[in-house]
Amino acid sequence: MKEIRVVEYGSDAYQETLELRNRIMRLPLGTSVYDEDLSHEKKSLILACYEDGILTGTTVMSYHGEACKIDTLCIDTDVQRGGIGTLLLQELEKRAKEAGYAMMTMDARVSAEKFYEKYGYAADGEAYELPFSHIPHVHMTKKL
């Protein structure tokens, strides 16, 4: 059974989410999440999805004026396409709405653009690279 938990910045569970993010999203690019300044995540919502006690996905959402920004959505490649990304995305949207936010934004990998489009997100510009990634990204938004 899948269980979503809130993760406290700096906790052992947070360290576990960093390990997953690093293995799935940074090491394949030749970079490391541990070289990034993640101190802003102290003020972010961090969620983790566990299945039978094993971390299968994580996401981080930050708050910017009237919008929430999905900073990362990372699913273990061994369980992708198993509904974990959908669960985490829906939980973020629910919590953003409950907190009174009207908009979600993100810098999505172009390879994930179709996934987000299924849930009502729309790209609003051309592809670009982020400072820590040579993978093309696109800015996407959704009104809640």
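Because the structure is predicted, anything quoted here is derived from the model rather than measured.

On to the nonpolar core. Core analysis: the biggest nonpolar cluster contains 20 residues, and I70, M104, Y116 and Y121 have the highest contact counts within it. Elements with a contribution of two residues or more to this core: β2 (45-51), β4 (67-75), α2 (84-98), β5 (103-109) and β8 (136-143). In terms of residues, this core owes the most to one element, α2, which gives five residues. With residues near it in sequence (within four places) discarded, I70 still touches T59, V60, M61, L89, L92, M104, T105, M106, D107 and Y121. Y14, L18, Y50 and L55 belong to the second-largest nonpolar core, a separate cluster that totals 14 residues.

Summarising the sheet, β5 and β8 pair through seven bridges and their orientation is antiparallel. What sits directly across from M103, in β8, is K143. When strand β6 (residues 122-123) meets β8, the two strands line up antiparallel, connected through two bridges. From the neighbouring strand, A122 faces β8, where its bridge partner is T141.

Rules and cut-offs
Residues numbered from 1 in each chain as written. Predicted model: local features only at pLDDT ≥ 70, side-chain atom pairs only at ≥ 80, totals over all residues. Heavy atoms only, no water. Core = buried A, V, L, I, M, F, W, Y, C linked by side-chain atoms within 4.5 Å. Buried < 20%, exposed > 50% of the residue type's maximum accessible area, 1.4 Å probe, protein only. Helix = DSSP H or I, 4+ residues; strand = E, 2+ residues; numbered from the N terminus. Contact = heavy atoms within 4.5 Å. Pairing = 2+ DSSP bridges.

In short, geometric facts, not functional conclusions.
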